[in-house]
Amino acid sequence: AQTVTQSQPEMSVQEAETVTLSCTYDTSESDYYLFWYKQPPSRQMILVIRQEAYKQQNATENRFSVNFQKAAKSFSLKISDSQLGDAAMYFCAYRPFRGSSNTGKLIFGQGTTLQVKP
Amino acid sequence: GAVVSQHPSWVICKSGTSVKIECRSLDFQATTMFWYRQFPKQSLMLMATSNEGSKATYEQGVEKDKFLINHASLTLSTLTVTSAHPEDSSFYICSARPIRTGPVDTQYFGPGTRLTVL
């Protein structure tokens with residue numbers, strides 16, 4: 001069974017600084033998707049960034065980038081120039097790419113609460 | 001962008017009563033909808049996968065007779081918590097997977113429903 005692990009329950013960063021959130025996963029699949037979601041105090045889940053496992057190039061979205069290490073099964077999120085609005089709970093998630101088991105369901109990590117200090 | 005709504009956003013009910021939560025995809029049709037449960041400061045736990053016109057698939061440990069799911073159309077899924085008890089108090093989130101997807105199909109999340117059972 002696939003699992004996703006976020007080993008940092010809480011992180012803090014100074015405004016304008018850079019922070020990296022860690023995520024590891026376990027799977028026997030070769031093709032899959034990885035995601036980072038943000039959940040602010042409103043509880044609305046917001047997609048931050050996604051990565052297809054078959055792509056070697058790390059995904060980037062403005063101030064957000066990932067370090068995808070497929071062999072190590074690691075998928076960390078880097079937030080550059082942190083802003084107060086980045087304060088939220090961040091979830092790493094895994095989804096199989098295709099196959100009979102692919103219902104599209106996401107497997108989430110435990111989450112990391114990010115605090116941004118002014 | 002794709003929008004998913006949930007109704008109600010917050011509900012308080014007495015123990016023993018049933019509560020229905022609606023999840024609607026507003027500007028797209030969804031083949032599959034997912035129902036999650038989230039306790040404070042914890043991750044999202046998938047409860048069930050709902051496909052239009054067929055029975056929902058429940059995750060292990062989720063009582064299907066207690067959490068009734070109906071996916072009546074391509075834009076509406078409902079979750080009914082039957083004979084609710086205080087331990088059912090939680091935050092319930094749905095997500096919807098569009099019929100037509102791009103290179104990476106993405107789920108869109110509703111804003112969640114806070115259920116409090118007295």
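Structure shown above.
Residues numbered from 1 in each chain as written. Chains lettered and ligands numbered in written order. Predicted model: local features only at pLDDT ≥ 70, side-chain atom pairs only at ≥ 80, totals over all residues. Heavy atoms only, no water.

Caption draft 1: Structural view of the interface of chain B and chain A. Contact residues are listed per partner, giving 24 residues for chain B and 22 residues for chain A. Summing both sides of the interface, chain B and chain A together bury roughly 1800 Å²; the carbon and sulfur share of this comes to 49%. Linking chain B with chain A are one salt bridge, by the criterion used here. Close ionic contact of Lys105(A) with Glu59(B) constitutes a salt bridge, the shortest N to O distance being 3.2 Å. There are five residue pairs in polar contact (both at pLDDT 80 or more) connecting chain B and chain A. Of all the secondary structure elements, the ones that give two or more residues to the side of chain B that touches chain A are β4 (30-38), β5 (44-51) and β9 (90-98) of chain B. Tallying contributions element by element places β4(B) first for the side of chain B that touches chain A, with four residues. When grouped by side-chain class, the residues that make up the side of chain B that touches chain A number eleven nonpolar, eight polar and five charged. (Contact = heavy atoms within 4.5 Å. Buried area = accessible area lost by both parts, 1.4 Å probe. Salt bridge = Lys/Arg side-chain N within 4 Å of Asp/Glu carboxyl O. Polar contact = N/O pair within 3.5 Å; in protein donor to acceptor, adjacent residues only side chain to side chain. Helix = DSSP H or I, 4+ residues; strand = E, 2+ residues; numbered from the N terminus. Nonpolar A, V, L, I, M, F, W, Y, C, P; charged D, E, K, R; others polar.)

Caption draft 2: Spotlight on the state of the cysteines. A full pass over the atoms with the stated rule returns two disulfides over all chains. The disulfide partner of Cys23(A) is Cys92(A), and the S-S distance across this bridge is 2.0 Å. Between Cys23(A) and Cys92(A), the S-S dihedral sits near -70°, and the bridge is therefore left-handed. Of this pair, Cys23(A) sits in the loop between β3 (19-21) and β4 (24-26) while Cys92(A) sits in strand β10 (residues 88-96); the two residues are 69 residues apart in sequence, bridging distant segments of the chain. Accessibility classification places Cys23(A) together with Cys92(A) in one group, the buried group. Disulfide pairing places Cys23(B) opposite Cys94(B) at an S-S distance of 2.0 Å. In this structure the cystine formed by Cys23(B) and Cys94(B) twists about its S-S bond by roughly 80°; its chirality is therefore right-handed. Residue Cys23(B) is found in strand β3 (residues 19-25), and its partner Cys94(B) is found in strand β9; the two are separated by 71 residues along the sequence. You can call Cys94(B) buried: its relative accessible area is 0%. (Disulfide = S-S within 2.5 Å. Buried < 20%, exposed > 50% of the residue type's maximum accessible area, 1.4 Å probe, protein only.)

Caption draft 3: Looking closely at the sheet that holds strand β7 (residues 67-73) of chain B. Residue and element names in this part refer to chain B. The four strands lie next to each other as β1-β3-β8-β7, forming an open sheet whose pairing is antiparallel. Each edge of the open sheet is held by one strand with a lone partner, namely β1 (4-7) and β7. Along the sheet, successive strands turn relative to each other by an average axial angle of 15°, direction set aside. Pairing geometry for β3 and strand β8 (residues 76-81), over six bridges, is antiparallel. Looking across to β8, one finds that Val19 is bridged to Val81. (Pairing = 2+ DSSP bridges. Axes fitted to C-alpha atoms, helices over the stretch in contact; angles between N-to-C directions.)

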